[in-house]
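Now for the letters of each chain:
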Amino acid sequence: MLDTSVQYLGHTLRTPIVISSSGLTNTMSGIRQAAEAGAGAVVLKSLFEEQIESTIETDGQEMELAMHPEAEQYISQMGMHLGPQRYLELIGEAKAAVDIPIIASMNCVTSKWWGNYGKQIEAAGADAVELNIAIMPRDESEPAEAVEKRYLRIVDRVRQQIDLPLAVKIGPYFTGLPKFASELRKAGASALVLFNRFYQMDIDIEDESLAPGYQFSTPEEIYTSLRWVSILSGDVGCDLSASTGIHSADGVIKQLLAGATTVQMCSALYRSGFEIITRIRDDLTAWMERKGYKSISDFQGKLSQSASDDPESYERLQYIKALTGIS
Ligand SMILES: Cc1cc2nc3c(=O)[nH]c(=O)nc-3n(C[C@H](O)[C@H](O)[C@H](O)COP(=O)(O)O)c2cc1C
């Protein structure tokens, strides 16, 4: 019997496939379908702060609020906003209905929320919290380090307020990612989700106005996450959940070989329905059988940079041979 279970955020998941935070995980029907199809865990849709501002004053202290590019689109246009009370109820209902870990996702970063609400999330039965942080740097006087410090302060603050395991989901746009990732871990992240795919903006050339960009990822978008999972997995010292562009068992296997602890999927389910999870799980076990692997740990991280005899090949950015014409 093949063992597809993995350990993530202190819980045993029966498969490494986690359904990522989205409208798919905002209803009991979606959560049930995910569990029935074979998902290992579900990340609920993010609860965003009510007020989206760059900073607010709370208790005489300046508290940052992650300005989230997804908030406007996902909350207002898609009408998927659950109030905080309903969110707690959803956690409770999900826990009662399915036997896989339920991860709450929060974009609420002020102390005002966390002191009390964090405890209520715990009491409602959430198994972990995923903190979805997206700060859009737009102040020309703010250096990159200051932006990173804002992330770290948020993680540190949330860590102090809750006892649940904490995952931190970030985008790919950091200059010094290895150091930053290790600082996120030190600030209290038990897992990093690499990477969020943000709301894309486009321009309508007829209307000459802003328009929403294409909402879903394609399989070709896997590569940024794959490279960074393979580079960080040996060193970062916390769980890594790969996200963006995972649409098939091949994508799942690649990320596990690179060293991911789990993978997260969203767009593929929007395109193909929840059944794709079952197909991917079956394709994963067929591949394991063919390769003679009995458990995920037999091959997890086999192709991480730290396990490689040729670590430089993970860092190659230029098409040197193509540019110089040397074959
Ligand atoms: C319609 C939609 C809603 C989403 N809502 C959230 C959200 O509330 N919180 C979050 O962290 N990510 C959200 N995401 C991002 C996904 O969780 C995921 O990180 C991203 O789509 C990349 O994964 P994929 O390539 O499997 O789609 C959303 C994505 C979509 C398409």
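This text goes with the structure placed above it.
Just so you know, these numbers come straight off a predicted model, no measurement behind them.

Here's the deal with the overall build of the chain
If you tally the helices and strands in the chain, you get 11 helices and 14 strands. By sequence separation, contacts in the chain at least 24 residues apart represent 69% of the contacts at least 6 residues apart. Here the chain displays about 15500 Å² of accessible surface, and carbon together with sulfur accounts for 50% of that area.

Description of the nonpolar core
Grouped together as the largest cluster of nonpolar side chains are 97 residues, with contacts concentrated most on Ile121, Ile170 and Leu192. Residues within four places of isoleucine 121 in sequence aside, it is in contact with Leu88, Ile91, Ala104, Met106, Ala126, Val129 and Leu164.

Thoughts on the pattern of salt bridges
Taken as a whole and judged by the stated rule, the model has nine salt bridges. In this structure, lysine 119 engages glutamate 122 in a salt bridge whose closest nitrogen and oxygen atoms are separated by 4.0 Å. Of this pair, lysine 119 and glutamate 122 are both found in helix H4 (residues 111–124), three residues apart, which corresponds to roughly one turn of the helix. Where aspartate 282 meets arginine 281, a salt bridge forms, and the shortest distance between an N and an O atom there is 3.3 Å. Among the residues examined, arginine 281 registers a relative accessible area of 27% and is labelled partly exposed. A network of salt bridges, in which partner residues are shared, links Arg86, Glu89 and Glu93.

So, the sheet that holds strand E14 (residues 262–265)
One closed barrel holds the eight strands; their spatial order is E3-E4-E7-E8-E9-E10-E13-E14, and the pairing between them is parallel. Direction aside, neighbouring strands of the sheet carry axes that sit 25° apart on average. Relative to E14, strand E3 (residues 17–19) is paired through three bridges, and the arrangement is parallel. Paired with isoleucine 17 across the bridge in E14 is valine 263. Against the sheet, helix H5 (residues 144–161) touches strand E8 (128–132) and strand E9 (166–170), its axis set at about 160° to E9.

Looking at the packing of aromatic side chains
Within this structure, the stated rule accounts for eight aromatic pairs. Ring plane angle 85° and centroid distance 5.6 Å describe the contact between tyrosine 151 and phenylalanine 180, whose orientation is recorded as edge-to-face. You can see tyrosine 151 sitting in helix H5 and its partner phenylalanine 180 sitting in helix H6 (residues 177–187), a full 29 residues away along the chain. In this structure tyrosine 151 comes out as buried when scored by relative accessible area, which is 3%. Cluster of aromatic residues (ring-pair linked, three or more members): Tyr151, Phe174 and Phe180.

Let's talk about the environment of arginine 227
With respect to the secondary-structure elements, arginine 227 resides in helix H7 (residues 222–232). Arginine 227 sits in the partly exposed class, given a relative accessible area of 30%. Measuring from C-alpha to C-alpha, the distance between arginine 227 and tyrosine 314 comes to 6.8 Å, with 87 residues separating the pair along the chain. Residues in contact with arginine 227, not counting those within four places in the same chain, are Tyr314, Glu315, Arg316 and Leu317.

Overview of the pairing of strand E13 (residues 239–243)
Within a regular strand, side chains alternate between the sheet's two faces. Counting buried positions along E13 yields five of five residues, so the element is predominantly enclosed. Neither face of E13 is open: one carries Asp239, Ser241 and Ser243, the other Leu240 and Ala242, and all of them are buried. The pairing of E13 with E14 spans three bridges and is parallel. Residue pairing in the sheet places serine 241 in a bridge with threonine 262 of E14.

Overview of the site of the ligand
Around the ligand, 22 residues are found, and the nearest of them are Ser21, Lys45, Ser46, Ser217 and Ser267. Contact between the ligand and lysine 169: an oxygen atom at 2.8 Å from a side-chain N or O atom of the residue. In the model, an oxygen atom of the ligand is placed 2.5 Å from a nitrogen or oxygen of the serine 267 side chain. Look at the ligand: alone it shows 610 Å² of surface, and the protein chains cover 100% of it. The biggest single contributor to the shell around the ligand is strand E4 (residues 41–48), with three residues. For the shell around the ligand, the residue count by class is six nonpolar, 12 polar and four charged.

As for a negative patch on the surface
There is a patch of like negative charges on the surface, built from Asp202, Asp204, Glu206, Asp207 and Glu208. Considering the arrangement of structural elements, one finds glutamate 208 in the loop between strand E11 (201–204) and strand E12 (209–212).

Description of a nonpolar patch on the surface
On the surface, Met201, Ile203, Ile205 and Leu210 cluster together into a nonpolar patch covering about 480 Å² of accessible area. The topology assignment puts isoleucine 205 in the loop between E11 and E12. With a relative accessible area of 68%, isoleucine 205 lands in the exposed category.

Side note on the environment of leucine 303
Along the polypeptide, leucine 303 turns up in the loop between helix H10 (275–291) and helix H11 (320–324). The spatial distance from the C-alpha of leucine 303 to the C-alpha of lysine 254 is 8.6 Å, given a sequence separation of 49 residues. Excluding anything up to four places from it in sequence, leucine 303 contacts Ser230, Leu257, Ala258 and Tyr314.

Cut-offs used in this document
Residues numbered from 1 in each chain as written. Predicted model: local features only at pLDDT ≥ 70, side-chain atom pairs only at ≥ 80, totals over all residues. Heavy atoms only, no water. Helix = DSSP H or I, 4+ residues; strand = E, 2+ residues; numbered from the N terminus. Contact = heavy atoms within 4.5 Å. Areas by Shrake-Rupley, 256 points an atom, 1.4 Å probe, with all protein chains shown as cover. Core = buried A, V, L, I, M, F, W, Y, C linked by side-chain atoms within 4.5 Å. Buried < 20%, exposed > 50% of the residue type's maximum accessible area, 1.4 Å probe, protein only. Salt bridge = Lys/Arg side-chain N within 4 Å of Asp/Glu carboxyl O. Pairing = 2+ DSSP bridges. Axes fitted to C-alpha atoms, helices over the stretch in contact; angles between N-to-C directions. Phe/Tyr/Trp six-rings, centres within 6.5 Å; stacked < 30°, edge-to-face > 60°. Near = heavy atom within 4 Å. Polar contact = N/O pair within 3.5 Å; in protein donor to acceptor, adjacent residues only side chain to side chain. Nonpolar A, V, L, I, M, F, W, Y, C, P; charged D, E, K, R; others polar. Patch = residues over 30% accessible without salt bridge, like charges linked within 9 Å, V, L, I, M, F, W, Y side chains within 5 Å. Lys, Arg positive; Asp, Glu negative; His and termini not counted. Charge placed at Lys NZ, Arg CZ, Asp CG, Glu CD.

Any functional reading would require information beyond the geometric quantities listed.
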